[in-house]
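Descriptive analysis of the structure
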Amino acid sequence: MADKFELDKTLILERLGGDLDLFGVMADMYLQDWGNYSRQIGEALAAANGPVLARHAHTIKSLLATFADQTGAALAARTEMRAKEGRIEELSGPVAEIQERLRLVAVALEKELA
């Protein structure tokens, strides 16, 4: 299903201008909110609501890219496009993978902050 994810803190910090405090704040926010994002995209899929699914996939794409999960961000981008095209029936597998990517990033961040 989902590839293994390893946090690339060096790359993330590069993108954040080396700001460790900002990294900590963003990581904390992610850990508080990732479950909501996972639930919301799942609910949009269950409701077959393409526009809402596309919006959530777009948000998750940016969120995963922030934490250097290029695989997850690309998956969310493809899901966003398919949802916009109304191809909801193709998205149960990709949404489950996105939910797993969200979880994997959370696990990596928890380890980093421990």
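Above this text is the structure in question.
All of the points below concern the structure found in this document. Within each chain, residues carry numbers counting from 1 in the order of the written sequence. Reporting in this predicted model follows two pLDDT cut-offs: at least 70 for local features of residues, and 80 or more for side-chain atom pairs to be given and counted; totals over whole chains, interfaces and linings ignore these cut-offs and use all residues. For the side-chain quantities, the full set of heavy atoms in the structure was used; hydrogens and water were omitted.

**What to know about the pattern of salt bridges**
Any carboxyl oxygen of Asp or Glu that lies within 4 Å of a side-chain nitrogen of Lys or Arg is treated as forming a salt bridge with it. Scanning the model with the defined rule gives 10 salt bridges in all. Between R39 and E43 there is a salt bridge whose closest N-O contact spans 3.2 Å. Of this pair, R39 and E43 both sit in helix α2 (residues 20–46), 4 residues apart, which is roughly one turn of the helix. Only protein chains enter the accessibility calculation, which uses a 1.4 Å probe; a residue is then buried when its area is under 20% of its type maximum, exposed when over 50%, and partly exposed in between. The exposure class assigned to E43 is partly exposed, which follows from its relative accessible area of 45%. The salt bridge involving E100 is made with R103; its shortest N-O contact spans 2.7 Å. Numbering of helices and strands starts at the N terminus; helices are DSSP runs of H or I of at least 4 residues and strands are runs of E of at least 2.

**Digging into helix α3 (residues 50–66)**
Relative to the 24 Å expected for 17 residues at 1.5 Å per residue, α3 spans 24 Å between its end C-alpha atoms, a close match to the ideal helical length. Every buried residue of α3 is listed here: G50, L53, A54, H56, A57, I60, L63 and L64. It only takes one pair of heavy atoms within 4.5 Å for two residues to be counted as in contact. At its buried positions, α3 is contacted by α2, α4 (70–84) and α5 (92–113). Each polar contact in these results corresponds to two N or O atoms within 3.5 Å; when the atoms are within protein, one needs to be able to donate a hydrogen and the other to accept it, and residues that are neighboring in sequence are counted only if both atoms are side-chain atoms. With a side-chain oxygen positioned 3.2 Å from the backbone nitrogen of V52, the residue opening α3 is N49. Positive backbone phi, at 60°, marks A68, one or two positions downstream of α3. To estimate how far a helix should extend, the number of its residues minus one is multiplied by 1.5 Å.

**Quick look at the packing of aromatic side chains**
What describes a pair of aromatic rings is the distance from one ring centre to the other and the angle between the planes of the rings. Any two rings among Phe, Tyr and Trp, with Trp reduced to its six-membered ring, count as a pair given centres within 6.5 Å; such a pair is stacked if its planes are under 30 degrees apart, edge-to-face if over 60, and tilted if neither. Within the structure shown, the criterion is met by 1 aromatic pair. A ring pair is formed by Y30 and F67, whose centres lie 5.3 Å apart and whose planes are at 70°; its orientation type is edge-to-face. Placement of the pair is Y30 in helix α2 and F67 in the loop between α3 and α4, with a sequence separation of 37 residues. The burial state of Y30 is the same as that of F67; both residues are buried.

**Some thoughts on the packing of α2 against α5**
Angles shown run from 0 to 180 degrees and are taken between the N-to-C directions of axes, each axis being a line fitted to C-alpha atoms and, for helices, limited to the stretch in contact. Where α2 contacts α5, the two axes come as close as 10 Å, and the packing angle between them is 160°. In terms of axis orientation, α2 runs roughly antiparallel to α5. Judged by the twist between their axes, the crossing of α2 over α5 is left-handed. Throughout this entry, Asp, Glu, Lys and Arg are counted as charged residues, while Ala, Val, Leu, Ile, Met, Phe, Trp, Tyr, Cys and Pro are counted as nonpolar. The remaining residues, Gly among them, count as polar. A per-class count over the contact of α2 with α5 returns 15 nonpolar, 4 polar and 5 charged. Put simply, angles under 35 degrees are roughly parallel, angles over 145 are roughly antiparallel, angles from 65 to 115 are roughly perpendicular, and the rest are oblique. The crossing is said to be left-handed when, going from far helix to near helix, the turn is anticlockwise and less than a right angle, and right-handed when the turn is clockwise.

**A short note on the environment of I98**
With respect to the secondary-structure elements, I98 resides in helix α5. In this structure the C-alpha to C-alpha distance between I98 and W34, which are 64 residues apart in sequence, comes to 11 Å. The contact partners of I98, leaving out residues within four places of it in the chain, are I41, I60, L75, A76 and T79.

**Focus on the side chain of T79**
Examined against the element boundaries, T79 turns out to sit in helix α4. Ignoring anything within four residues of it in the chain, the contact list for T79 reads A57, L91, P94, V95 and I98.

Any link to function would need more than the numbers given here.
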